[in-house]
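Here's the letter readout for the chains.
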Amino acid sequence: KQEVTQIPAALSVPEGENLVLNCSFTDSAIYNLQWFRQDPGKGLTSLLLIQSSQREQTSGRLNASLDKSSGRSTLYIAASQPGDSATYLCAVRPGSGGGADGLTFGKGTHLIIQP
Amino acid sequence: DTAVSQTPKYLVTQMGNDKSIKCEQNLGHDTMYWYKQDSKKFLKIMFSYNNKELIINETVPNRFSPKSPDKAHLNLHINSLELGDSAVYFCASSHFGPSEAFFGQGTRLTVV
């Protein structure tokens, strides 16, 4: 059974720092991996989607990498800003089932950027 | 303009009641999902539907009954609500296969 782990569970850094959030998964048979952010009391906003054949994706100050064979992904946030404060969720779509499989989520990293 | 919309946003009800949550997507997706986020903020898949047909039911009590009248809608009906059903329920949609999933804003259900 797929399990997704995110480290650290919480992180607080001063504004302007570069930071890395980690995600690991136990079953490398995935279709893709998706990073989300969740603001308090809000829904999930998709940040980046990496297909299983890709190594990384970039969007603005965000860069996500995927090493499928080792079951790891990282989300790199450059020049962090207070507006980046949120919970970041990593989720994988299993590749062993059909195309309608749901995502398996990690428990998230709660990020606080201090002004 | 909202891609995936859920109603209501908040739902407070008494134990034993029956309630429904509605979900609509305007993204042209053929696959829709319900997820549950528990008090510890852990998100877990409940159901997935593809072209109005149930694909996944992740050991959810049969008091939960999803219904998909068409590809753009997936409603969740809950019978005989229990205290443990209190959670945030998220609807999501995607194309069939390895495509990006989009989520609604969630429905916070509180059973008293």
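Residues numbered from 1 in each chain as written. Chains lettered and ligands numbered in written order. Predicted model: local features only at pLDDT ≥ 70, side-chain atom pairs only at ≥ 80, totals over all residues. Heavy atoms only, no water.

Turning next to the nonpolar core. A:L19, A:F25, A:L33, A:W35, A:L75, A:I77 and A:Y88 are the most contacted members of the largest nonpolar core, which totals 23 residues. Within the residue set of this core, elements represented by two or more residues are strand 3 (19-25), strand 4 (30-38), strand 5 (44-51), strand 7 (62-67), strand 8 (72-77), strand 9 (86-94) and strand 11 (109-114) of chain A. Ignoring sequence-local partners within four residues, the contact set of A:L75 consists of A:L19, A:V20, A:L21, A:W35, A:L47, A:L48, A:L62, A:N63, A:A64 and A:Y88. Counting residues in each nonpolar core, the second largest holds 20 residues, with B:V4, B:M46, B:F47 and B:L109 among its members. (Core = buried A, V, L, I, M, F, W, Y, C linked by side-chain atoms within 4.5 Å. Buried < 20%, exposed > 50% of the residue type's maximum accessible area, 1.4 Å probe, protein only. Helix = DSSP H or I, 4+ residues; strand = E, 2+ residues; numbered from the N terminus. Contact = heavy atoms within 4.5 Å.)

Here the focus is unusual backbone geometry. Glycine aside, residues mostly have negative phi angles, and peptide bonds mostly take the trans form. A:P8 follows A:I7 through a cis peptide bond whose omega is 0°. Along the chain, A:P8 turns up in the loop between strand 1 (4-7) and strand 2 (10-14). Note that the residue after B:T7, namely B:P8, is joined by a cis bond; omega there is -5°. Along the chain, B:P8 turns up in the loop between strand 1 (4-7) and strand 2 (10-13). For B:K41, which is not glycine, the phi torsion reads 70° and is therefore positive. Residue B:K41 is classed as partly exposed on the basis of its relative accessible area, which comes to 46%. Unlike most non-glycine residues, B:S80 shows phi in positive territory, near 45°. Among the structural elements, B:S80 can be located in the loop between strand 8 (73-78) and strand 9 (87-94).

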